[in-house]
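These are the residues of each chain, in order.
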Number of protein chains: 2
Amino acid sequence: MEFKVNSKELEKLLTRVFPAINPRATQQIYENFLFDLQDGVLTVLASDGDHWLKASTRVVSDTNYKGIISAKLLLEAIKSLEETTLIIKTDDKKKFTINWETGEFHLSFQNANEYPDVPEFEIKNTENVNYFTISGKDLKESIDKTAFAISKEEYRPSMTGTLFEFSEDGMRFVSTDAHRLVELLYKNIKIENEAQIVVAGNTTSILSKILDEREVKVYFNSTYIAFVLSDISLVARLIMEKFPDYKNIIPKENEFSLSVNPKSLSQITKRMLLVSSAKMKKIKWDITNEQLDISVEDTDTGSSAKENLAISYKGDAMEIGFNGSFLSDIVNHLTEFEEIVFKLMSNTKPVIVSPTTQKENFEIRMLIMPVRLNG
Amino acid sequence: MEFKVNSKELEKLLTRVFPAINPRATQQIYENFLFDLQDGVLTVLASDGDHWLKASTRVVSDTNYKGIISAKLLLEAIKSLEETTLIIKTDDKKKFTINWETGEFHLSFQNANEYPDVPEFEIKNTENVNYFTISGKDLKESIDKTAFAISKEEYRPSMTGTLFEFSEDGMRFVSTDAHRLVELLYKNIKIENEAQIVVAGNTTSILSKILDEREVKVYFNSTYIAFVLSDISLVARLIMEKFPDYKNIIPKENEFSLSVNPKSLSQITKRMLLVSSAKMKKIKWDITNEQLDISVEDTDTGSSAKENLAISYKGDAMEIGFNGSFLSDIVNHLTEFEEIVFKLMSNTKPVIVSPTTQKENFEIRMLIMPVRLNG
């Protein structure tokens, strides 16, 4: 086989699909790209056995070919070159040769028939496949705002992903690790069927890297989801476990309401975390009308910190504790807003956090469990 | 004790001396800053037992005080604050309190009498102390150009430092790890006595971080060296072992001369290193008149690469091997020059590398040992 390609175009293609290469994939063969050259179109596929990310480009070629080659080595080799025309060849000695004006690389390749099967899943409007389109920008924002609350614990698989829930309101993105929860409703979308699927954290992480302003076509059935852009597509295995019934966790009647500037709160929380060396990173809030006293004590080192912050508060005076890292995560994902509201009821009940004024098309709500102040 | 200081001024002071804090210092007490407040001047000292880096600033205070406090925690705490006025206090309960308008930190501190003795060494023009001044910029350049060749092997202590050699030519900086050597002569300097001292790699690394355009006063005897700037000073223990007799290693009569553009050579060498997974990273040069063929073969993976480069060469055709990482280090430290010259004699003798045209005041020469091509 032989084809001609611009080095920077090939670099762009390989860089686009590289995010699906996962050093912790179960099979070593997934360290490779699958090259598929058909009728002048080069398609490169990267996979970890749960994700299949592929992209194509036109090249100058008369031959058809399939082969696999070390992803990391090939990408680094192509990246190291200035812009030039490459002639890429394979020969009988299992050498993959990259030629340019003043030099050449010879890399080893394997036959494509050793590569595991790739699911064919991009069929529109068939009976068991759901389909919708969404703005790439809005999808990326929805994912970036919710994915941080995904659980790292493998023993409850459904919580290691984000729930995509489709209803007449729109599309909900929900993540939780049992200590906190994020629920984002995206309204600007038309969906035919109600449905619930769980998309793995690894999937949203890869997806976030390939999305841009362009519209995305999304297909899913009960096993796979596919995200299709004009130049790249991602197919991913869904998490096959039911997501927890999150609606029952969100309290209906938290009467007390504390409004605060998220940037100021974020900076104070960051300073509190500096002093707290313990695993729990317990931060204490002492809430009275008009003022919030935030403090932390580290019993190991004897260090402590205390700051006050102007708030507007309607409710009973209260002392409440939070895990500082979790609180920090939540507030840091809301700093684009002028003001956020904490809805509280008691220092043992879940607290709801949301912006005072929501953005158009988005409705976001976060929930954090308090921690006990003594003990 | 109590003093008042601007938070950003204190941050600047702490950031300046922090480079001497070394997490691998032998005594845990060196994780702390030593605070010394005398007559309205706050001096902060950081040390690892071999280096003493200190800086001062004026503060508003009536009291004198000495105490030690966790360097990392204090620096992070001060860095996390916006610009504001701080009131810093200590109390009988061993609390170091930092107060500002809306909050406070309480950190633990220890008594200064637990802190090991600090060498007093900054005496000018006494009998056993040598003294000179040098441009901070030139000193930094001299260090940055030579320190990379310092040996990482602890069993020959003198080679873990840079030789400072003073003679009527000027001041020479020499580093070597037995595989390569850098010799830099700095001419724009007046020195009274001939002398040789060895300055540890850790010392030049700290020094490089505090130098700027300003002139530096340098004092040394047989045990210590001190670098004094207007706002900061570094005292360091010298390495007490004799530096190898490097002059005997540098060949006198390497007749063959190969001139090349260092940027092009650097890029090719980088690409060769990508393919070479072996520890030795052996690169082969095939030199003929007007062309250099550079190649690498990786027997483990079966990968290889080959490139050619235009050169101007006077000498016999030759094949010679280099450790690619060492070659890369050398060439990367000469890329500011238009052209560099490799002086060779045979593929078993040291090769000398230098710029075709030296810079004013500097004369730099590097030496690299070839590696055997077979076996």
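Here the structure is a predicted model, which means the values were calculated and not measured.

With respect to the relation of the copies chain B and chain A
When chain B is fitted onto chain A, the two copies agree to an RMSD of 0.0 Å after a turn of 180 degrees and an axial shift of 0.0 Å. Both copies of the chain, as the preceding transformation shows, are related through a two-fold rotation axis. Taking C-alpha positions as reference, the residue of chain B nearest the rotation axis is B:Pro23, located at 15 Å. Of the interface residues in chain B, 100% have counterparts in chain A that sit at the interface too, so the contact is made through matching surfaces.

Focus on the sheet that holds strand β11 (residues 161-167) of chain A
Residue and element names in this part refer to chain A. In spatial order, the strands read β14-β11-β12-β13-β26-β25-β24-β18-β22; together these nine strands make up an open sheet with antiparallel pairing. A strand with exactly one partner marks an edge of an open sheet, and here the two such strands are β14 (195-200) and β22 (312-314). Taking each pair of neighbouring strands and ignoring which way they run, the sheet shows an average axis angle of 20 degrees. Alignment of strand β18 (residues 256-260) against strand β24 (residues 340-344), held across five bridges, turns out to be antiparallel. By the bridge assignment for β24, Ser259 is matched with Val341. Where helix α6 (residues 324-332) meets the sheet, its contacts fall on β13 (180-186), β25 (351-355) and β26 (362-368), and the angle it forms with β26 comes to roughly 170 degrees.

Observations concerning the domain arrangement of chain A
The parts lose accessible area when they come together, and the size of an interface is often stated as this lost area. Residues and elements named next belong to chain A. Domain parsing of chain A yields domain 1 (2-114), domain 2 (130-248) and domain 3 (256-368). For domain 2 versus domain 3, the separation of C-alpha centres amounts to 27 Å. Taken residue by residue, the interface counts 13 residues in domain 2 and 13 residues in domain 3. Those elements giving two or more residues to the side of domain 2 that touches domain 3 turn out to be α3 (136-146) and β13. Within the side of domain 2 that touches domain 3, the residues separate by chemical class into six nonpolar, two polar and five charged.

A look at the packing of helix α5 (residues 262-275) of chain A against α6(A)
All names here are of chain A. Put simply, α5 and α6 touch, their axes get as near as 9 Å, and they point 155 degrees apart. In this view, α5 runs roughly antiparallel relative to α6, as classed from their interaxial angle. The crossing of α5 and α6 is left-handed. Between α5, through Pro262, Leu265, Ser266, Thr269, Lys270, Met272 and Leu273, and α6, the contact on the second element is made entirely by Gly324, Ser325, Leu327, Ser328, Val331 and Asn332. Looking at side-chain class alone, the contact of α5 with α6 contains six nonpolar, six polar and one charged residues.

Considerations on unusual backbone geometry
With phi around 75 degrees, A:Glu290 is a residue other than glycine that occupies positive phi space. You can see A:Glu290 is positioned in the loop between β19 (282-288) and β20 (291-297). Residue A:Glu290 is classed as exposed on the basis of its C-beta count, with 9 C-beta atoms lying within 10 Å. Positive phi is not limited to glycine here, since B:Ala178 has a value of about 80 degrees.

Thoughts on the pairing of strand β3 (residues 41-47) of chain A
Residue and element names in this part refer to chain A. A large share of β3 lies buried, amounting to five of its seven residues. In terms of strand pairing, strand β2 (residues 32-38) meets β3 through five bridges, oriented antiparallel. Among the inter-strand pairings, Gln38 is bridged to a residue of β3, identified as Val41. Here β2 hands over to β3 after two residues, with Asp39 in that stretch at a positive phi of 50 degrees. In this sheet, strand β4 (residues 51-58) lies alongside β3 in antiparallel orientation, the contact comprising seven bridges. Bridging from a neighbouring strand, Ala46 pairs with Leu53 of β4.

With respect to the sheet that holds strand β22 (residues 312-314) of chain B
Either a parallel or an antiparallel arrangement is found when strands of a sheet pair, and the pairing is made through backbone hydrogen bonds. Residues and elements named next belong to chain B. Taken together, the nine strands give an open sheet; going across it, the order is β14-β11-β12-β13-β26-β25-β24-β18-β22, and neighbouring strands pair in antiparallel fashion. Each edge of the sheet is formed by a strand with only one pairing partner; in this case those strands are β14 (195-200) and β22. Taking each pair of neighbouring strands and ignoring which way they run, the sheet shows an average axis angle of 20 degrees. Both strand β25 (residues 351-355) and strand β26 (residues 362-368) contribute to a ladder of three bridges, which runs antiparallel.

Overview of the pairing of strand β17 (residues 232-237) of chain B
Residue and element names in this part refer to chain B. With five bridges joining them, strand β4 (residues 51-58) and β17 adopt antiparallel strand pairing. Along β17, the bridge assignment pairs His51 with Ala236. Where strand β16 (residues 224-228) lies against β17, five bridges are found, and the strand directions are antiparallel. Paired with Phe227 across the bridge in β17 is Leu234. In this antiparallel pair of consecutive strands, β16 and β17, the connection spans three residues.

What counts, and at which threshold
Residues numbered from 1 in each chain as written. Chains lettered and ligands numbered in written order. Predicted model: local features only at pLDDT ≥ 70, side-chain atom pairs only at ≥ 80, totals over all residues. Least-squares fit on C-alpha atoms with pLDDT ≥ 70 in both. Contact = placed C-beta atoms within 7 Å. Pairing = 2+ DSSP bridges. Helix = DSSP H or I, 4+ residues; strand = E, 2+ residues; numbered from the N terminus. Axes fitted to C-alpha atoms, helices over the stretch in contact; angles between N-to-C directions. Domains from an automatic or database assignment. Nonpolar A, V, L, I, M, F, W, Y, C, P; charged D, E, K, R; others polar. Parallel < 35°, antiparallel > 145°, perpendicular 65-115°, else oblique. Left-handed = near helix turned anticlockwise from the far one by under 90°. Buried ≥ 20, exposed ≤ 12 C-beta atoms within 10 Å, placed from the backbone.

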